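# What the coordinates show
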Amino acid sequence: MLEVTRMRSGILVLFCCALFSSNSGAQVPVFEISQADSSIKFNVNASVAIAGTFDKWNANVVLSSPQLASAVLDVKIQADSVDTGSGFKNGKLKGKDFFDVKQDPFITFHSTNVTQTGPDTIVFDGDFTIRGVTKPEKLTFIVSGRGTGSGSVTGTMAFDRKEFGMNSGIPFIRIADRVEVSVDLKGRRVSGPPVVFAQ
């Protein structure tokens, strides 16, 4: 009986070694995004121009395999880092009628699916959260430099601000409901194989 137990233990150890060694050999693409060379901007049509950037944010793309379909994109923006070049506009956007930064300090996007729509275009479907309200939105990207180990993804997303509770305006300024967000991410592959795109 003792010998059988030892044999079973030995088989279990061998199985575990084989399992973990095969997993450790698996490689996935790992990317590093350069914030210094990247940007997240927004624009709203208005009687007085309202456009600006977010100065504090982070973004990352994680893949569980070399296949593009396994990519997950996460973007997290500090809402109070908004900069329109105007202290008055910044103050209004940070207030409770717009970003409400004291109550909800972060604007986030978490992708739930990615689809290649052309040779160099991809669409991330995901959950967009602002002011604590989450709704499905799309980020459409153009990819440049693929296969070289470095490059950029430049994309846009548009949303209706009133669907997220931003129903107010700014005194003496007419503001459209549609907000356009531009995301320009530049980075490089620091390890692993290239991402596999459909041909």
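Being a predicted model, the structure only gives us computed values, none of them experimental.

### Considerations on the pairing of strand β2 (residues 39–46)
- Two strands pair when backbone bridges link them, and β2 and strand β11 (residues 175–191) are joined in this way by seven bridges, in the antiparallel orientation. Across the sheet, residue Phe-42 finds its bridge partner in β11, namely Val-181.
- By the bridge criterion, four bridges tie β2 to strand β3 (residues 50–54) in an arrangement that is antiparallel. Counted as the bridge partner of Phe-42 is Gly-52 from β3.
- Remark: three residues form the turn of the hairpin made by β2 and β3, two consecutive strands paired antiparallel.

### Digging into the side chain of Ser-152
- Relative to the assigned elements, Ser-152 resides in strand β10 (residues 150–160).
- Residue Ser-152 is classed as buried on the basis of its relative accessible area, which comes to 12%.
- Polar side-chain contacts of Ser-152 include one of 2.7 Å to the side chain of Ser-144.

### Some thoughts on unusual backbone geometry
- Phi is positive for Asp-100, close to 50 degrees, though the residue is something other than glycine.
- Mapping Asp-100 onto the fold places it in the loop between α2 (87–94) and β7 (106–118).
- Here the phi dihedral of Arg-131 falls at roughly 60 degrees; this positive angle occurs in a residue that is not glycine.
- Take Arg-131: it is sitting in the loop between β8 (121–130) and β9 (133–144).

### Some words on the nonpolar core
- Among the nonpolar cores identified, the biggest contains 42 residues, and Phe-99 and Phe-124 are the most heavily contacted of them.
- Among the elements that line this core, the one with the most residues is β11, at five residues.
- Phe-99 has contacts with Phe-54, Ala-79, Val-82, Leu-93, Lys-94, Asp-104, Ile-107, Ile-130, Arg-131 and Met-166, leaving out every residue within four places of it along the chain.

### So, the packing of aromatic side chains
- Counted according to the given criterion, the structure contains six aromatic pairs.
- A ring pair is formed by Phe-159 and Phe-164, whose centres lie 5.4 Å apart and whose planes are at 80 degrees; its orientation type is edge-to-face. In terms of burial, Phe-159 and Phe-164 fall into one category: buried.
- Each residue in the set Phe-42, Phe-54 and Phe-99 is aromatic and connected to the rest through ring pairs, giving one cluster.

### Focus on α2
- Taken together, the buried positions of α2 are occupied by Lys-89, Asn-90 and Leu-93. Seen from one end, α2 has its buried residues packed into an arc of 100 degrees, which puts them on one side.
- The elements touched by buried residues of α2 are β2 and β6 (82–83).

Calculation criteria
- Residues numbered from 1 in each chain as written.
- Predicted model: local features only at pLDDT ≥ 70, side-chain atom pairs only at ≥ 80, totals over all residues.
- Heavy atoms only, no water.
- Pairing = 2+ DSSP bridges.
- Helix = DSSP H or I, 4+ residues; strand = E, 2+ residues; numbered from the N terminus.
- Buried < 20%, exposed > 50% of the residue type's maximum accessible area, 1.4 Å probe, protein only.
- Polar contact = N/O pair within 3.5 Å; in protein donor to acceptor, adjacent residues only side chain to side chain.
- Core = buried A, V, L, I, M, F, W, Y, C linked by side-chain atoms within 4.5 Å.
- Contact = heavy atoms within 4.5 Å.
- Phe/Tyr/Trp six-rings, centres within 6.5 Å; stacked < 30°, edge-to-face > 60°.
- Arc of directions from axis to C-beta.

Treat this as a map of the structure, not an account of what it does.
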